[in-house]
Amino acid sequence: MPGPPLSGRIHSWDLSTGVDGPGTRFVLFLSGCPLRCLYCANPDTWHMRDGQQTTVDEIMTEIGRCTPFIAAGGVTLTGGEPLLQPAFAGRILRRCRQLGLHTALDTSGFLGARATDELLTDTSLVLLDIKSFDVPTHRQLTGASLTPTLNFATRLDRLGVPVRIRYVLVPGWTDDEAAVDGLAAFTAGLGNVEQIDVLPFHKLGAAKYDALGLPFPLRDTPVPDAALVDRVSAQFRSHGLRAL
């Protein structure tokens, strides 16, 4: 007899255009994350216990309702960290590919070892969030090692999975010229990176910290000005990379 439907825990889902992969997309926020990034905008996704228990079939029903809107875009799994629930995430990706939908996986890569080759085969695009290329800064920012993320990046290159690097630009944290050049050189050595998305740090999640009774660690950190964004983007472009 077949077992119970595969289920996982999600925070929410939404339709989005332009920031979570190409086209209009069904964006599924999975619950749970092993990192504690100081600039995280979604502290309400940190704990799996706070998520809603949902089956793959229930998610696919919602995706089916949105198919007319996302046919030219696709489905993005984000969070939280989708690879904290690899079987659940992998099954959704497989079902979406069977429908002919473009799929994207938004991940820090810290749990990249949990992604099977089959899961990655069903992933059209990986949105790889590299927090910093400076090892001590990465640990301060996230509470975790950088090595698993870089290992995952090289594995994606070996498998030929298309990647967009997402780099959050935080003044005083991720704007160091040498660290940016290091990341640019590393990325330029990969053959599967389509572009670099330089994402200016923002404080839109501050109210969530207040609601949860948590301190927002970077509340007093300024957002980057246009000149800084241009300088960092130019550093990536100087290595032959497409930076937006």
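Residues numbered from 1 in each chain as written. Predicted model: local features only at pLDDT ≥ 70, side-chain atom pairs only at ≥ 80, totals over all residues. Heavy atoms only, no water.

1. Notes on the sheet that holds strand E4 (residues 74-78)
Strand order in the open sheet made by the eight strands is E3-E1-E2-E4-E5-E6-E7-E8, with mixed pairing throughout. The open sheet has two edge strands with one neighbour each: strand E3 (52-55) and strand E8 (193-200). Shown here is a sheet whose adjacent strand axes are inclined to one another by a mean of 30 degrees, direction ignored. In the sheet, strand E5 (residues 103-107) pairs with strand E6 (residues 125-129) via four bridges, with the strands oriented parallel. (Pairing = 2+ DSSP bridges. Helix = DSSP H or I, 4+ residues; strand = E, 2+ residues; numbered from the N terminus. Axes fitted to C-alpha atoms, helices over the stretch in contact; angles between N-to-C directions.)

2. Thoughts on helix H4 (residues 135-142)
Those residues of H4 that sit buried are Thr 137, His 138, Leu 141 and Thr 142. Down the axis, H4 shows its buried residues gathered within 110 degrees of arc, on one side only. H4 presents Val 135, Pro 136 and Gln 140 as exposed residues on the side facing more than 90 degrees away from its buried surface. At the exit of H4 stands Gly 143, carrying a positive phi of roughly 80 degrees. (Buried < 20%, exposed > 50% of the residue type's maximum accessible area, 1.4 Å probe, protein only. Arc of directions from axis to C-beta.)

3. Quick notes on the layout of surface pockets
Roughly 1000 Å³ of internal volume is contained in the largest pocket. The wall of the largest pocket is formed by 41 residues, among which Ala 41, Asn 42, Asp 106, Arg 166 and Leu 199 lie closest to the centre. Those elements that place two or more of their residues in the lining of the largest pocket are strand E1 (7-17), strand E2 (24-30), E5, E6, strand E7 (163-169) and E8. With four residues, the top contributor of residues to the lining of the largest pocket is E8. Of the residues in the lining of the largest pocket, the class split is 17 nonpolar, 13 polar and 11 charged. (1 Å grid on protein atoms, 1.4 Å probe; cavity = no way out; pocket = protein on both sides within 12 Å on 5 of 7 lines; lining within 4 Å. Points joined across faces, edges and corners; volume = space filled by probe spheres on them. Nonpolar A, V, L, I, M, F, W, Y, C, P; charged D, E, K, R; others polar.)

4. Some words on the packing of aromatic side chains
Here the distance between the centres and the angle between the planes together describe a pair of aromatic rings. A full pass over the atoms with the stated rule returns five aromatic pairs. Between Phe 133 and Phe 186 the ring centres are 5.8 Å apart and the planes differ by 35 degrees, which places this aromatic pair in the tilted class. Taken together, the residues Phe 133 in the loop between E6 and H4 and Phe 186 in helix H6 (residues 177-188) connect sequence positions 53 residues apart. We classify Phe 133 as partly exposed; its relative accessible area is 23%. Aromatic ring contacts, followed pair by pair, group Trp 46, Tyr 209 and Phe 216 into a single cluster. (Phe/Tyr/Trp six-rings, centres within 6.5 Å; stacked < 30°, edge-to-face > 60°.)

5. A closer look at the nonpolar core
Judged by nonpolar contacts, the single largest core of 50 residues is most densely connected at Ile 63, Leu 77, Ile 92 and Phe 236. With six residues, the top contributor of residues to this core is helix H1 (residues 56-70). Leaving out residues up to four positions away in the same chain, Phe 236 has contacts with Tyr 167, Val 180, Leu 183, Ala 184, Ile 196, Val 198, Leu 241 and Ala 243. In this structure, Cys 37, Tyr 39, Ala 144 and Phe 216 belong to the second largest nonpolar core, which totals 16 residues. (Core = buried A, V, L, I, M, F, W, Y, C linked by side-chain atoms within 4.5 Å. Contact = heavy atoms within 4.5 Å.)

6. Describing H6
Turn by turn, an α-helix covers 3.6 residues, leaving residues three or four places apart pointing in a common direction. Here H6 contains 12 residues, and its C-alpha end-to-end distance of 16 Å stays within 8% of the 16 Å for a straight helix at 1.5 Å per residue. Along H6, the residues classified as buried are Ala 179, Val 180, Gly 182, Leu 183, Ala 184 and Thr 187. Sitting at the head of H6, Asp 176 places a side-chain oxygen 3.2 Å from the backbone nitrogen of Ala 178. (Expected span 1.5 Å × (residues − 1). Polar contact = N/O pair within 3.5 Å; in protein donor to acceptor, adjacent residues only side chain to side chain.)

7. Examining the environment of Arg 94
Structurally, Arg 94 is set in helix H2 (residues 86-98). Judged by its relative accessible area of 35%, Arg 94 falls in the partly exposed class. Sequence separation between Arg 94 and Leu 120 is 26 residues; the distance between their C-alpha atoms is 9.7 Å. Beyond its immediate sequence surroundings of up to four residues, Arg 94 is in contact with Glu 118 and Asp 122. A polar contact of 2.6 Å, which involves the side chain of Arg 94, links it to the side chain of Asp 122.

8. Some remarks on the pairing of E5
A regular strand places its side chains so that they alternate between the two faces of the sheet. When you tally the buried positions in E5, you get five out of five residues, the bulk of the element. Covered by surrounding structure in E5 are Thr 103, Leu 105 and Thr 107 together with Ala 104 and Asp 106, the residues of both alternating faces. Read as a crossover between parallel neighbours, the route from E4 over H2 to E5 is right-handed. (Right-handed = clockwise from strand over helix to strand, strands pointing away.)

By themselves, these figures tell us nothing about what the structure is for.
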